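Given next are the chains, with one letter for each unit.
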Amino acid sequence: MRKEFYLVVVGLLILSIYVPVTAPNGNRVSMIFETDNKQALKNEIIALGGMVTIEYDNVDMLAAEVPISVLESLLSNPHVIKIYKDEMRSLPCPPEKNDDLDLTPREILNLTDYSMETFDITKIEALPDNFYNYMITGAEDIWAETGYGDGTLAAVIDTGTYPQHPLFMWPDGTSSVIGGTCFAPGESEDSWDDPDNHYHGTVVAGIIASHGGIVLPVSDPLAQSIMLYAPDSYIPYGPDQILVPLLGMSPYSDIYAIKVFPKNGSGVPSSVIMQGIDHAITMRKLYDSTNGAEGFPIDVINMSLGGGTGFDGLDPEDKLVDQATLAGIVVVTAAGNDGPALNTVSTPGCALSSIAVGAAADPVHTRVGTDLVYGMVGIGEYFFPYDDIQIIYFSSHGPTSDDRLAPDVLTCGVYTMSAFPPYFIGVMSGTSSASPAAAGGAALLAAWQKMNQGQANPMQIRNAIIEGATPLTKPYSLYAQGNGYMDVPNSLNLLKDGITSIPIIQWGHKLEATDLHGGTQTWFTGTLGPGEAFDLAVYVDKHTEQLDVCLSNVTLSGTQNPLLGDSIEFYIQSSVRTSANYYYESVNIYDDQC
């Protein structure tokens, strides 16, 4: 089915204006200070009635709560370089949308009702030749020469990770989740492994490093969906049963859990996220300086989180990310779920040295997940009747405000199956699911470098993932797909060829917007295939009052979806960078409309 239409825009777009959050207690505000003398600034803050809440080890910054009345005095302090508002950060949640695809995370299997298998190397090597793993995107082709990620450690800065989940357990009773800590406000330091923590961090860790399989009767709906959509992806197991491997991208990697979000998954100040990053850097530096006697050898950080920024690349979190890279850690982040508007990739995905990961939908994940969510085997093919990979509507788009290409790469972010605490298998969608797939790929590349070159080089790994990505076959814009879909075998070849360790930063991608000057302009979209998009940006300022939009010459041709029909999804969205609260509206269009 093909779609085309004319788009006429009259007037100017009315957009939400960011209003800073009311200061705590009515007269105090939380800020992050960049300084050239921490002790002197701490003394000044305390003298003015403020309270230092966090002092960072790896950047010259402090977080503090101060009276609003003294901000002017602090701005003039000779030891203050910059002051940033301590913005809230949250777990990315797909925005609501007017269609029938329910992407709510959920439990789909209670593992106490099924038998589990741990996948050792022998079992992994015996996987079917055409194995389609529900966690990975091609990484199985390099598992053998990367040691399945063995010897690498990924830090998951999130909601904590439950180490006793069956997908993390080894036959000797140990877990691949080897430790952690908690910085979530009001919760104990040792709560990182609580079974009642929010599910998000355990799901993310499973996408990186799960190493189990589940035995299902062939009558089970999940088994039937897998046999229907991916017949080469399971292993026959006894009479009327199949073994379904649930393997992470880097199944032999270890996990270190850094909990920054509370048990209910609510947002926290960016200063707390920074505390988690800072801790990971400190643990890596301590390990290196003591030859492994103390600390942890963290190779990769995954952050499936984010928020708005007015300082792309210069945000306090972004600066800490760059310090993590310098310390030897690859930092992978969710691009954000604020698409499809342009210029919506969130911090810390805006850092100069991070890998920002967008989300795509592939046939098998989408069909299997849809069957499970709607409880009907075979319905997934109606929701996703295509054989190609498509960018999902909510994935944040670039460029950044300082004219860099973003996101960097894409991976699967729709109905990803993973560990769900305490003893479930669940599905989750979003760039939260896409980011750990790329983090697992980074862990595999780090393992190869350690095995063959003695140590991992985070900038080479970042560059190899970006340069090794494969553009999608559909004509998506650079600001939707970045460099394309992650291709770990390509990235490994680039590492072998000695890809540069100089940061590859793709400048020159300036967001161009049209100024209507109160008038009218017409755009022709051309013919759009399923999943394809037409983007435009309209300039607005504080005098903006109204936008009138008319769509004409809308035609739907070809075979339509027999269950759902076809439509054009139309979105209006702001690209405000200083807040994650984007004005958002969407509608399904079936014919000409104003």
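A.B. asks: Please provide a residue-by-residue account of the overall build of the chain, values included.
C.D. replies: Broken down by element type, the chain carries 13 helices and 26 strands. Its C-alpha atoms give the chain a radius of gyration of 24 Å, within 12% of the compact-globule value 25 Å for 594 residues. For the chain, buried positions account for 58% of its 594 residues. Long-range pairs, those at least 24 residues apart, make up 80% of the contacts in the chain between residues at least 6 apart in sequence. Carbon and sulfur atoms make up 51% of the accessible area of the chain, which totals about 22600 Å². The distance from the centre of the 25 positive side-chain charges to the centre of the 70 negative ones in the chain is 6 Å.

A.B. asks: Quick rundown of the sheet that holds strand β21 (residues 416-420)? Include the residues and the values.
C.D. replies: Spatial strand order, β7-β22-β21: three strands in an open sheet with antiparallel pairing. Unpaired on one side and paired on the other, β7 (106-110) and β21 mark the two borders of the sheet. In this sheet, neighbouring strand axes are inclined to one another by 35° on average, regardless of whether the strands run parallel or antiparallel. Of the strand pairs in this sheet, β21 and strand β22 (residues 424-428) are connected by five bridges, and their pairing is antiparallel. Across the sheet, residue S418 finds its bridge partner in β22, namely G426.

A.B. asks: Describe the nonpolar core, listing the residues and the values that go with them.
C.D. replies: For soluble globular proteins, the rule of thumb is that nonpolar side chains tend to be buried together. M417 and I461 are the most contacted members of the largest nonpolar core, which has 89 residues in total. With 10 residues, the top contributor of residues to this core is helix α10 (residues 431-453). Grouped together as the second largest cluster of nonpolar side chains are 35 residues, M61, M274, A280 and A324 included.

A.B. asks: Give me the pattern of salt bridges: which residues, what numbers.
C.D. replies: Applying the stated criterion across every chain, the model contains 17 salt bridges. The residue D387 makes a salt bridge to R367 at a minimum N-O spacing of 3.5 Å. Of this pair, D387 sits in the loop between α9 (380-383) and β19 (390-391) while R367 sits in helix α8 (residues 363-374), and the two are 20 residues apart along the sequence. Between R404 and D402 there is a salt bridge whose closest N-O contact spans 3.0 Å. Judged by relative accessible area, R404 falls into the buried class, the value being 6%. With a relative accessible area of 23%, D402 lands in the partly exposed category. Overlapping salt bridges, with partners in common, bring together R89, D315 and E317 in one network.

A.B. asks: Quick rundown of the environment of I572? Include the residues and the values.
C.D. replies: Considering the arrangement of structural elements, one finds I572 in strand β25 (residues 568-573). Remark: the alpha-carbon pair of I572 and S586, spanning 14 residues in sequence, is separated by 6.4 Å.

A.B. asks: Give me the lowdown on the packing of aromatic side chains, citing residues and values where you can.
C.D. replies: Counting across every chain of the model gives 11 aromatic pairs. Each ring, one from F384 and one from Y386, has its centre 5.6 Å from the other, and the planes form 75°; the classification is edge-to-face. Residue Y386 is classed as partly exposed on the basis of its relative accessible area, which comes to 26%. Seen from their ring centres, Y393 and Y571 are 6.4 Å apart, and the 10° between their planes marks the pair as stacked. Note that Y393 is positioned in the loop between β19 and β20 (409-412) and Y571 in strand β25, a separation of 178 residues in sequence. Its relative accessible area of 11% is what places Y393 among the buried residues. An aromatic cluster of three or more residues is present, and its members are W143, Y148, W170 and Y252.

A.B. asks: Requested: an account of α10, with residues and values cited.
C.D. replies: The first and last C-alpha atoms of α10 sit 32 Å apart over 23 residues, in line with the 33 Å expected at 1.5 Å per residue. Burial within α10 is extensive, with 19 of its 23 residues counted as buried. G454 lies just past α10 and shows a positive phi near 90°.

A.B. asks: Pulling in residues and values, what's your account of helix α5 (residues 221-229)?
C.D. replies: Turning to α5, its buried residues are L222, A223, S225, I226 and Y229. Buried residues of α5 fall within an arc of 165° about the axis and therefore sit on the same side. The inward-facing, buried residues of α5 contact β7, β11 (211-217), β13 (241-247), α8, α9 and β21. Of the residues that open α5, the one with a side-chain oxygen 2.8 Å from the backbone nitrogen of L222 is D220.

A.B. asks: Provide a residue-level description of a nonpolar patch on the surface, including the pertinent values.
C.D. replies: Residues Y382, L563 and L564 make up a contiguous nonpolar surface patch of about 270 Å² in total accessible area. Residue placement: L564 occurs in the loop between β24 (547-557) and β25.

A.B. asks: Hey, could you go over the environment of S401 for me, with residue numbers and the actual values?
C.D. replies: Residue placement: S401 occurs in the loop between β19 and β20. Using a relative accessible area of 42% as the deciding quantity, one classes S401 as partly exposed. A polar side-chain atom of S401 sits 3.4 Å from a polar atom in the side chain of N343.

A.B. asks: Which residues make up the packing of helix α4 (residues 200-209) against α10, and what values go with them?
C.D. replies: Between two packed helices, both the angle of their axes relative to each other and the distance between the axes serve to describe the pair. Their axes nearest at 8 Å, the elements α4 and α10 cross at an angle of 35°. Judged by the twist between their axes, the crossing of α4 over α10 is right-handed. Taking contact as the criterion, the partners of H200, V204, I207 and I208 in α4 are, on α10, S432, S433, P436, A437, A439 and G440. Here the contact of α4 with α10 is composed, by residue class, of six nonpolar, four polar and no charged.

A.B. asks: So, unusual backbone geometry: which residues are in play, and what are the values?
C.D. replies: With omega at -5°, the peptide bond leading from G398 into P399 counts as cis. Residue position: P399 is located in the loop between β19 and β20. Here the bond from A406 into P407 is cis, since omega is -5°, no more than 30 degrees from zero. On the secondary structure map, P407 appears in the loop between β19 and β20. Positive phi outside glycine occurs at N343, with the angle close to 65°. Mapped onto the elements of the fold, N343 is located in the loop between β17 (330-334) and β18 (355-361). Taking relative accessible area as the criterion, N343 reaches 7% and is therefore assigned buried. One non-glycine residue, D403, adopts positive backbone phi at about 70°. Assignment of secondary structure puts D403 in the loop between β19 and β20. Of the residues examined, D403 reaches a relative accessible area of 25% and is grouped as partly exposed.

Calculation notes
Positions within a chain are numbered from 1, following the residues in the order the chain's sequence is written. Owing to the predicted nature of the model, reporting of local features is limited to residues with pLDDT of at least 70; listing and counting of side-chain atom pairs is limited to 80 or more, with chain, interface and lining totals taken over all residues. Values shown for side chains rest on all heavy atoms present in the structure; no hydrogens or waters enter the calculation. Runs of E in the DSSP output that reach at least two residues are strands. Runs of H or I that reach at least four are helices, and both are numbered from the N terminus. Just to be clear, the radius of gyration here is over C-alpha atoms, and the globule rule we use is 2.2 Å times residues to the power 0.38. Only protein chains enter the accessibility calculation, which uses a 1.4 Å probe. A residue is then buried if its area is under 20% of the maximum for its type, exposed if over 50%, and partly exposed in between. By definition in these notes, contact holds between two residues if any of their heavy atoms fall within 4.5 Å. For the area figures, the Shrake-Rupley method with a 1.4 Å probe applies, and any residue is considered shielded solely by the protein chains shown. The positive count covers Lys and Arg only, the negative count covers Asp and Glu only, and His and the chain ends enter neither. Every charge is mapped to an atom, namely NZ of Lys, CZ of Arg, CG of Asp or CD of Glu. Pairing between two strands requires that DSSP report at least two bridges joining them. Note on geometry: axes are C-alpha line fits, over the in-contact stretch for helices, and angles between N-to-C directions span 0 to 180 degrees. Think of a nonpolar core as a cluster: buried Ala, Val, Leu, Ile, Met, Phe, Trp, Tyr and Cys residues, connected wherever their side-chain atoms sit within 4.5 Å. Between Lys or Arg on one side and Asp or Glu on the other, a salt bridge is scored when a side-chain nitrogen of the former is within 4 Å of a carboxyl oxygen of the latter. Only Phe, Tyr and Trp rings take part, Trp by its six-membered ring, and two of them pair if their centres are within 6.5 Å. Stacked means planes under 30 degrees apart, edge-to-face means over 60, and tilted covers everything else. Here the expected length of a helix is defined as 1.5 Å per residue gap, with one fewer gap than residues. The directions from the helix axis to the C-beta atoms form the arc being described. Here a polar contact is taken to be a pair of N or O atoms separated by no more than 3.5 Å, where protein atoms must pair a possible hydrogen donor with a possible acceptor and residues adjacent in sequence count only if both atoms sit in side chains. Note on patches: the residues involved have over 30% relative accessible area and no salt bridge, like charges join within 9 Å, and the nonpolar side chains Val, Leu, Ile, Met, Phe, Trp and Tyr join within 5 Å. In this scheme the handedness of a crossing depends on how the near helix is turned from the far one: anticlockwise by less than a right angle means left-handed, clockwise means right-handed. Polar here means any residue outside two lists: the nonpolar Ala, Val, Leu, Ile, Met, Phe, Trp, Tyr, Cys and Pro, and the charged Asp, Glu, Lys and Arg; Gly therefore counts as polar.

Limitation: the analysis is restricted to geometry and does not speak to function.
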